[in-house]
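# A look at the structure
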Amino acid sequence: MGRDGGKPLLLLIGSSARRSREFILRSVSRRYALWLLQPSQVTWEEPYVVGGTQVDNTRPELLVEAARQVAAEHEVAGVFCYDEGLVTPAAHVARALGLPGNSPETVIACRDKNATRTALERAGVAQPASIGVRSLEEARQAAEKIGFPVVLKPRGLAGGMGVRRADGPEDVESAYRAASGASYPGVPVFEVSVLVEEYVDGPEISVDAVFFEGEGTPLAVARKKVGLAPFFEETGHEVDAADPLLTDPELLRALRDSHAALGFRTGVSHTEFRLTADGPRLMEVNARLGGDMIPFLGELATGVDVALAAADVAAGRRPETTATRRRAAAIAFLYPEHDTEIESVTVHEDRFTPEVHSADVMADPGAVLRLPPRGYISRYARVITLADSVEQARAALLRAPEIVELTGRPVEESP
């Protein structure tokens, strides 16, 4: 691990998965020195960090103590975190050290979808009707009250995990089982653990926006592709620098009002909407960078480094938000046709067209990929395209299954 070279120091709370997050550290480490706090030793992160502390970063009291020890020996400029399960402990560290960031209460209100719904209702932000339930019987009653179709989702998760549509009474039990059974490390399980919500039809989008001193700027609008119905597995995204939603007054108003209602003033957020015939309906607000390589797509398309903007505001600096490119980027995630044990995944670079930016393996030999509800985000590869128009980027992705070859053997659809 190298020294900081005079760069401002950020405490990095968790590094997450290398395949999906290394681009963040590669970018941010050019401007900032990073000190990693996580339970394991520094491994793949070594080229990007100047030091590390092994600590249980899911426990705020232990994390704060470890952060204080680093701050006693180094001048710390901010706290940087992009992991869904760690944004709350990270907020505790920022508050304890008097550093920029949102309060833990604000972050908790974003992570707890029931709290989000309550805050947005008070603020008059358009959203689906929602009822929190703690049992299958309550779920049935809530579904009847709202009216079918409905969507059942875990109260504290993101990325479509455990989210399932129920078109009628006969679907509620399996949907409740999927929503109540999904989990993610570091995410709390609530007594009222499932939300039953009005099904809102229309295209799904997400907005990665940066907030500095309460002023919000959208940096990347991603138009989401979903599959594996009746689940809502995210199978791809498209980011267009020319997307008119970047300047849409109604969307910008919903973005501003929702964050003000939650007390979100500093940082990058990932907010999801449905575009209905009656305007945007807000689905959820996440107090972190978007996943699924969306910030990377945003930089490819616009030239604005979303990850670096997040680091800048964490350090109390005004971020750079002016686009320098006008292109379109898209990503497709490849899933097996059935539950599969991976034997090999091969990228055929000789099959790339000019619009193919990259293709990456996401599952190793021996891994077992299970489709919902037995497993989620079970991807064996991703393909990213970059073109002058979103239509060209989308068309190039049609060849993704030819570019990446999967060999494996079927496994039983259990548990």
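Scroll up a little and you will see the structure.
None of the values given here were measured: they were computed from a predicted structure.

## Concerning the state of the cysteines
Any covalent bond linking the sulfur atoms of two cysteines counts as a disulfide. Under the defined criterion, the tally for this structure stands at zero disulfides. Summary of cysteine pairing: C81 is not part of a disulfide, and the nearest cysteine sulfur, belonging to C110, is at 13 Å.

## Considering the nonpolar core
Among the nonpolar cores identified, the biggest contains 46 residues, and L11, I13, L37, V79, I205, V207 and F273 are the most heavily contacted of them. With near-sequence residues (within four places) excluded, L37 lies in contact with L11, L12, I13, G14, T53, V55, N57, L63, A66 and A67. Ranked by size, the runner-up nonpolar core spans 45 residues in total, among them L10, Y82, A241 and A309.

## Structural notes on the pattern of salt bridges
The tally for this structure, following the rule as stated, stands at 34 salt bridges. A salt bridge links E198 to R281; the nearest nitrogen and oxygen atoms lie 3.7 Å apart. Here E198 is found in strand β8 (residues 194–198), whereas its partner R281 is found in strand β13 (residues 279–286), with 83 residues between them in sequence. A relative accessible area of 27% places E198 in the partly exposed class. A salt bridge links R394 to E238, with the nearest nitrogen and oxygen atoms 2.7 Å apart.

## Considering the sheet that holds strand β16 (residues 356–361)
For sheets, the rule is that strands pair by backbone hydrogen bonds, running either parallel or antiparallel. Taking strand neighbours across the sheet as the criterion, the eight strands line up as β13-β12-β9-β10-β11-β14-β18-β16 in an open arrangement whose pairing is antiparallel. Edge positions in the sheet fall to β13 and β16, since each has one partner strand and no second. Mean inter-strand twist for the sheet, computed between neighbouring axes without regard to direction, equals 25 degrees. The sheet contact formed by β16 and strand β18 (residues 381–387) spans five bridges and is antiparallel. Residue pairing for β18: V356 is matched across the bridge by T385. Its contacts with the sheet place helix α8 (residues 249–262) against β9 (204–212), β10 (215–227), β12 (267–276) and β13, and it is angled at close to 35 degrees to β13.

## Let's talk about the pairing of strand β4 (residues 76–80)
Counted residue by residue, β4 has four buried out of five residues, so it is predominantly covered. Alignment of strand β1 (residues 9–13) against β4, held across four bridges, turns out to be parallel. Across the sheet, residue L12 finds its bridge partner in β4, namely F80.

## Things to note about the packing of helix α5 (residues 113–123) against α8
Taken N-terminus to C-terminus, the directions of α5 and α8 make an angle of 115 degrees; their axes are 9 Å apart at the nearest point. For the pair α5 and α8, the crossing hand works out as right-handed. Here T116, A119, L120 and A123 of α5 lie close against α8, whose contacting residues are D257, S258, A261 and L262. In terms of residue class, the contact of α5 with α8 is built from five nonpolar, two polar and one charged.

## Regarding the packing of aromatic side chains
Per the stated rule, a full pass over the model turns up four aromatic pairs. The interplanar angle of 70 degrees and the centroid separation of 5.7 Å between the aromatic rings of F80 and Y82 together place this pair among those described as edge-to-face. Note on F80: relative accessible area 2%, which makes it buried. Overall, the relative accessible area of 1% leaves Y82 in the buried class. Taking NZ or CZ as reference, R165 lies 4.2 Å from the ring centre of Y199, over its face. One residue, R379, lies across the ring of F333, its end atom 3.7 Å from the ring centre.

## Points about the environment of A363
Locating A363 in the fold gives a position in the loop between β16 and β17 (368–369). For A363, a relative accessible area of 5% translates into the label buried. C-alpha separation for the pair A363 and E341, spaced 22 residues apart in sequence, amounts to 9.8 Å.

About the thresholds
- Residues numbered from 1 in each chain as written.
- Predicted model: local features only at pLDDT ≥ 70, side-chain atom pairs only at ≥ 80, totals over all residues.
- Heavy atoms only, no water.
- Disulfide = S-S within 2.5 Å.
- Core = buried A, V, L, I, M, F, W, Y, C linked by side-chain atoms within 4.5 Å.
- Buried < 20%, exposed > 50% of the residue type's maximum accessible area, 1.4 Å probe, protein only.
- Contact = heavy atoms within 4.5 Å.
- Salt bridge = Lys/Arg side-chain N within 4 Å of Asp/Glu carboxyl O.
- Helix = DSSP H or I, 4+ residues; strand = E, 2+ residues; numbered from the N terminus.
- Pairing = 2+ DSSP bridges.
- Axes fitted to C-alpha atoms, helices over the stretch in contact; angles between N-to-C directions.
- Left-handed = near helix turned anticlockwise from the far one by under 90°.
- Nonpolar A, V, L, I, M, F, W, Y, C, P; charged D, E, K, R; others polar.
- Phe/Tyr/Trp six-rings, centres within 6.5 Å; stacked < 30°, edge-to-face > 60°.
- Lys NZ or Arg CZ within 6 Å of the ring centre and 35° of its normal.

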